[in-house]
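So the chains spell out like this:
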Amino acid sequence: MTLKQQAVGYFNIPHFPIAVEQAIDPNIRQCALAVAPHNSDKALIWSVSDQAKEEGIYKGMPISMAKKQCRRLKIIEPNPDLYNRVNRKLFQLFAKKLPLFEFERNGKIYFDYTGMEALYGPMEDFSFKLKNDVHQSFKLESSIGLGLNKLISKTAAKTITLERDLRLVKIGDEKKFLSPLPHIVLPAVQDLLKRNQRQCTNTLEELCLDLVEDIRLLHLDHLDIIFQKEAQRVFQMARGIDYRPICPPHQKNMLLEEIILNKPTNNLSFLHRYLEQLLDKIGHQLRSRQLFAGQLVLGLRYADYQYASKSQVLTTPFQYPQEVGDLLKSMFNKLYSRRVSLRYLSIECHHLGQYAQQLTLFQESDKSKQLIDTIDQIKQKLGANISLGGSFLK
């Protein structure tokens, strides 16, 4: 079946943090799981598995309550930086296959397939291949909804049963598809509930507007009284009409090196060593691409998941680690202001370009740079992960 009009897909990895943890450890796939910090029983749950949902566990539930509700619940320490890294890999996979896609959030992606049939064939065939590619690359299971717009495709993906992993809503079946579903599937209603949940919920309950069909049967004048400024959007979405465009992600011209520590630490000698490794790697990326960086961004995450970052625009763009070693150490000392261990470090380089360098008339040779250039040649020839033994952070 070929969609002649706009064709939109919604790629969905349910319970993304749980899915990543299960990909790492397949032995926990059938367990009741919750991702939540271990530091306090008052901490809230980030994500839950289907098995945990069946036990009454839900996202945002306090850990203490969840433990009482389900004795066999297995709680996993969150790893947000790992989840972000997987999401960036997904971005790279989609960028290779599709010219237009939009990340809603981690593991949730809209993609526009309009006009792509000549290249990839029917939308269903492409979607099955996309699912297989993601599974082979990341060991992650996904569902995909296909339809005329964002509303239909996302709703199709979210309403897939366990036996089905792909759902196509044919053109003309939008009303029939949406009618038996609860009103909460309409983004316009979701927005109203977020702004004024109690009043909107009470109104919908009093008028017995439980399903999309109940809303669709009302006249626009009646919807004006109930939904006011959102009445037109509700009127359209109840009929499967959604004009929201797919907004492509803003691609930053940047380089990133990061490290997720197996065990959080506040040992400064270890942390400085990790920074040296990151700076060595980011410098190698710059030199291999013959680029200079005009901005340096240092990021860190504490053991209690609080994230902090510091940015510095450079007066002289750099390419070698020793050129910014002292600056990076100063940035780290100012940024690391809490007596809490760190679990994550990252260095980003922005303002990339092939800047012209001002040379002196009698340029002295820099032996440290010559050493780094030699090691770069060895890396290029042998493909070995060789690290410098010296220190850039004095």
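What comes next is a walk through the structure. Keep in mind the model is a prediction, meaning the values are calculated, not measured. (Residues numbered from 1 in each chain as written. Predicted model: local features only at pLDDT ≥ 70, side-chain atom pairs only at ≥ 80, totals over all residues. Heavy atoms only, no water.)

A word on the pattern of salt bridges
Going by this rule: By definition, a salt bridge exists where a carboxyl oxygen of Asp or Glu is found within 4 Å of a side-chain nitrogen of Lys or Arg. What counts as a helix is a DSSP run of H or I of at least four residues, what counts as a strand is a run of E of at least two, and both are numbered from the N terminus. The buried label goes to any residue with under 20% of its type's maximum accessible area, the exposed label to any with over 50%, and the partly exposed label to all in between, with areas taken from a 1.4 Å probe on protein chains only.
One pass over the full model with this rule turns up 16 salt bridges. The salt bridge partner of Lys129 is Asp133, with a shortest N-O separation of 3.3 Å. Linking Lys129 with Asp133, this pair stays in helix 6 (residues 123–138), spanning four residues, or about one helical turn. Overall, Asp133 belongs to the buried group, its relative accessible area being 15%. Two residues, Arg233 and Asp191, come together in a salt bridge whose shortest N-O distance is 3.1 Å. Taken together, the residues Arg233 in helix 13 (residues 231–237) and Asp191 in helix 9 (residues 187–195) connect sequence positions 42 residues apart. Among the ionic contacts, a cluster of salt bridges with common partners joins Asp191, Arg195, Glu230 and Arg233.

Thoughts on the sheet that holds strand 3 (residues 47–48)
To keep it simple, the criterion reads: At least two bridges found by DSSP between two strands are what make those strands a pair. Residues count as neighbours in contact if any of their non-hydrogen atoms are within 4.5 Å of one another. Note on definitions: angles span 0 to 180 degrees between N-to-C directions of axes, and those axes are lines fitted to C-alpha atoms, for helices only across the stretch in contact.
With mixed pairing, the three strands of this open sheet are ordered in space as 3-2-4. Only two strands of the sheet have a single neighbouring strand rather than two, namely strand 3 and strand 4 (74–76). In this structure, strand 2 (residues 33–35) lies alongside strand 4, joined through three bridges in parallel fashion. Each residue of the ladder has a partner; that of Ala34, found in strand 4, is Ile75. Where helix 1 (residues 16–24) meets the sheet, its contacts fall on strand 2, strand 3 and strand 4, and the angle it forms with strand 2 comes to roughly 115 degrees.

What to know about the pairing of strand 12 (residues 342–353)
Counting buried positions along strand 12 yields 11 of 12 residues, so the element is predominantly enclosed. Here strand 9 (residues 255–265) runs beside strand 12; their pairing, made up of seven bridges, is antiparallel. In the sheet register, Ile259 faces strand 12, and the bridge partner there is Leu345. Across 10 bridges, the pairing between strand 10 (residues 292–302) and strand 12 is antiparallel. Paired with Leu300 across the strands is Leu345, a residue of strand 12.

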